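# Structure assessment
Each chain is listed here by its residues.
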Amino acid sequence: MSARTLSRNVAGLPASGADNQSQLIELSVAGMTCASCVRHVENALSAVQGVQSASVNLATERAQVRVPAGLDSALLTQAVVHAGYEAQVVSNPQQSSNTEAARREADRLALRQDLLLAALLALPVFILEMGGHLIPAFHHFVAENIGTQNSWYLQFMLTTAVLAGPGRRFFVKGIPALLRLTPDMNSLVAVGTTAAYLYSVVATFVPGWLPAGTVNVYYEAAAVIVALVLLGRYLEARAKGNTSEAIRRLAGLRAKTARVRRDGQVSEIAIDDVVVGDLIELRPGERIPVDGEVTEGNSFVDESMINGEPMPVEKTPGATVVAGTVNQNGSLSLRATGVGADTVLSQIIRMVEQAQGAKLPIQTMVDRITMWFVPAVMLIALITFAIWLFFGPQPALGFALVNAVAVLIIACPCAMGLATPTSIMVGTGRAAQLGILFRQGEALQTLMDVRVVAVDKTGTLTRGFPELSDLTVAEGFERDQVLALVAAAESRSEHPIARAIVAAAEKQNLPIAAVQNFESLTGLGLRAQVDEKQILIGSDRLMVQNRLDPAVFAAVASRLADEGKTPLYVAIDGKLAAVITVADSIRDTTPEAIAALHQQGLKVVMVSGDNRRTAEAIARQLNIDEVVAEVMPDAKSDTVRRLQQTYGPVAFVGDGINDAPALAVADVGIAIGTGTDIAMESADVVLMSGDLTHVSKAIAMSRATMRNIRQNLFWAFAYNAALIPVAAGVLYPFNGVLLSPVFAAGAMALSSVFVVTNALRLRRFAA
């Protein structure tokens, strides 16, 4: 794909359904910790007058808001701030990404510092309290050498330090959210640790306030819960950092400097100072700093990090190059045509970021559940407390408190909120590395359900331009000599077939001689004199008119007809010399691509405007299931609708202007990256190269990502469905098992880490 073509196609493409009266504003949102936070931010944004839609992504920490053109973005940031979070408008994606990366790294370092301090303070509390329960001798040691009351005083001081220091973040966020009646994960931790802490403070300093037999302390629960939740968030932050690896790798392809020739002098300047029109000097092995057009030199360029293709591409004067690719063995001079945010690389990064921020249809179900999840958990905790208080064994108050706190702590909605977006981030990032760009994130889910792949023929299954495909010579003639004479005769014609024959001769470095007495025979062929030889080229009718019998090539002509090719005959000095065909050749990778789609259980349909005989001949070669031939451009969309009614969801693959309506109508439109602007603007998925095998890779990526999302959601929901009743004490009447709040905090932390780690497996995807 040329730099010019792609740069027009991937930049600023409108979302489906967008109109000129609306605009999409992207916000960076800080402070979200769970799925409830996502819902609260979405509700706050949706409440702003004029907002048409709002979608918030926990993994990317971004919000996409569609509003009427001209709406003041400050209204949106104020709404987020009033909801208890931080927000700023993303105006410069590259700069914003760098700022966010720095902020996340600072947050991670702060989490690590708080975690270490909390662990250091909580460990003595845990040893003093739990050590006595686990080892009776240790209990006696503490009682005799420190004293139980002194031990409680020490635990009180250490736990207070934990809650006031590392644990302060839960109260600063959680209590205001609770007062706004929009509780989140911070609220659960704040309420749970406060309950355990205050109960312990009463038992320590005013034990008379408690019923007989209920005087006990649970400092270790409050302190260790804070440490374990911080551990979970720290591990989650580290893992989430890996989910954006694809973006970082793409961003790492940007050159920082360029050698520019100005006023006859070559100097190395910062990449931000390069302007369109500058002449860039490029040495072997250097990374190309800007999009440009080669003006001097010859070389091969490795474009694999842009389009996923391993073979380097030859570059000569007039060829286009893309920023981020690597010049290999030659020196090049190029004129800058795209710099900064206008380069293909910058726009690819932008497209991947937008796809990563998308909310899939499956997320709607999660959103409905999480909207009520935290309030429901708090209600379950209250019910648990009441049941144990009134119906539990003695000390009832102690059992009631411990089990209610366990319910509050274990019911973490973090895993639910991360289940979908983390998989999307890793999946779309990995797809981009393979040369597959999801313009619409929803296509990641829709593509999984496709049952039929409808493929345009010209430019998709085939190369899209005529080439010399067959040349069979009669006895007594040499192939190269015949091709050179035919090319010379055809060099006077502007017909595409003539240009294809001339190109074939030039590719083999055959001499193109001068032509005399050129005569075009309308509807039949041509006559010319080359090197004093009389050349006649045309149909079998032309040969018969000149008393030449084409039957000598009957077997060859029959084979060519079966392949849907129209033969041209060549006579030299009155003798039948050769039969030749020019056709739009099938791409080398097309047979493999069709076979891969069949292996995925998909039906492949070829849609073509060509005559039925030619279309069916190509379909037989490629083992295509169904052919729809002689289709006018405006009827392709009708064909897609018919296929949808007959078979179900349809993906349409095309590259031309006449494919745009079909791409838009299909459930998923897939544009070949070497195609036209309009085709790609109508597509949901763009294949950076012209390799059709990427279609099956895109489908496989969709299926792998959705499978990963389902695994994450199952874990998140199954975890809560199974452990909330256990935390409430449902097993106690049967086997005496209760879940300690400490173990509940550990399980809660691991659930989020599991979800993110599972999503990271998609980085190893290879179709």
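Just so we're clear, the structure is a prediction, and the values are computed from it rather than from any experiment.

Right, let's get into a positive patch on the surface. Among the surface-exposed residues, Arg707, Arg710, Arg761 and Arg764 lie close enough to one another that they form a single positively charged patch. Mapped onto the fold, Arg707 is located in helix H27 (residues 693–728). Classification of Arg707 by relative accessible area gives partly exposed; the value is 44%.

Right, let's get into the sheet that holds strand E9 (residues 299–302). Strand order across the open sheet formed by 3 strands is E10-E9-E12, with antiparallel pairing between neighbours. Two strands close off the open sheet at either side, each with one partner strand: strand E10 (313–315) and strand E12 (326–327). Of the strand pairs in this sheet, E9 and E12 are connected by 2 bridges, and their pairing is antiparallel. If you follow Val301 over to E12, its bridge partner there is Asn327.

A word on the packing of aromatic side chains. Counted according to the given criterion, the structure contains 10 aromatic pairs. Residues Trp388 and Tyr732 carry aromatic rings whose centres are separated by 5.3 Å and whose planes lie at 70° to one another, so their mutual orientation is edge-to-face. Highlighted residues: Trp388 in helix H13 (residues 362–391) and Tyr732 in helix H28 (residues 732–735), separated in sequence by 344 residues. Looking at Tyr732, the relative accessible area reads 27%, which means it is partly exposed.

Structurally, the position occupied by Lys565 is in the loop between helix H21 (554–562) and strand E20 (568–572). Sequence separation between Lys565 and Val582 is 17 residues; the distance between their C-alpha atoms is 7.7 Å. Ignoring anything within four residues of it in the chain, the contact list for Lys565 reads Ser469, Asp470, Leu560, Thr581 and Ala583.

This paragraph deals with the pairing of strand E17 (residues 515–521). Examined bridge by bridge, E17 and strand E18 (residues 525–530) share 5 bridges and lie antiparallel to one another. When the sheet's bridge partners are listed, Ser520 is paired in E18 with Leu526. Joining the antiparallel neighbours E17 and E18 is a turn of 3 residues, in which Gly523 adopts a positive phi near 80°.

Positionally, Gln433 belongs in helix H15 (residues 414–433). There is a polar contact of 3.1 Å between the side chain of Gln433 and the side chain of Arg430.

The UniProt entry lists residues 115–138, 150–167, 188–210, 216–235, 369–391, 397–420, 713–732 and 738–760 under the feature "transmembrane region" (unreviewed entry), expressed in the numbering used here. With 83% helix and 0% strand, residues 150–167 has end C-alpha atoms that lie 24 Å from one another. What you have in residues 188–210 is 78% helix and 0% strand, and the ends, taken at the C-alpha atoms, are 25 Å apart.

Below, the discussion takes up the nonpolar core. Nonpolar side chains tend to gather and get buried jointly when the protein is soluble and globular. Judged by nonpolar contacts, the single largest core of 141 residues is most densely connected at Leu45 and Leu76. The residues contacting Leu45, other than those within four sequence positions of it, are Leu27, Val51, Ala54, Val56, Ala63, Val65, Leu76 and Val80. With 28 residues, the next largest nonpolar core counts Val482, Ala487, Ala528 and Ile572 among its residues.

Here is what the cut-offs are and how they apply
Residues numbered from 1 in each chain as written. Predicted model: local features only at pLDDT ≥ 70, side-chain atom pairs only at ≥ 80, totals over all residues. Heavy atoms only, no water. Patch = residues over 30% accessible without salt bridge, like charges linked within 9 Å, V, L, I, M, F, W, Y side chains within 5 Å. Areas by Shrake-Rupley, 256 points an atom, 1.4 Å probe, with all protein chains shown as cover. Salt bridge = Lys/Arg side-chain N within 4 Å of Asp/Glu carboxyl O. Lys, Arg positive; Asp, Glu negative; His and termini not counted. Charge placed at Lys NZ, Arg CZ, Asp CG, Glu CD. Helix = DSSP H or I, 4+ residues; strand = E, 2+ residues; numbered from the N terminus. Buried < 20%, exposed > 50% of the residue type's maximum accessible area, 1.4 Å probe, protein only. Pairing = 2+ DSSP bridges. Phe/Tyr/Trp six-rings, centres within 6.5 Å; stacked < 30°, edge-to-face > 60°. Contact = heavy atoms within 4.5 Å. Polar contact = N/O pair within 3.5 Å; in protein donor to acceptor, adjacent residues only side chain to side chain. UniProt positions renumbered as here; feature names shortened; annotations may be inferred. Core = buried A, V, L, I, M, F, W, Y, C linked by side-chain atoms within 4.5 Å.

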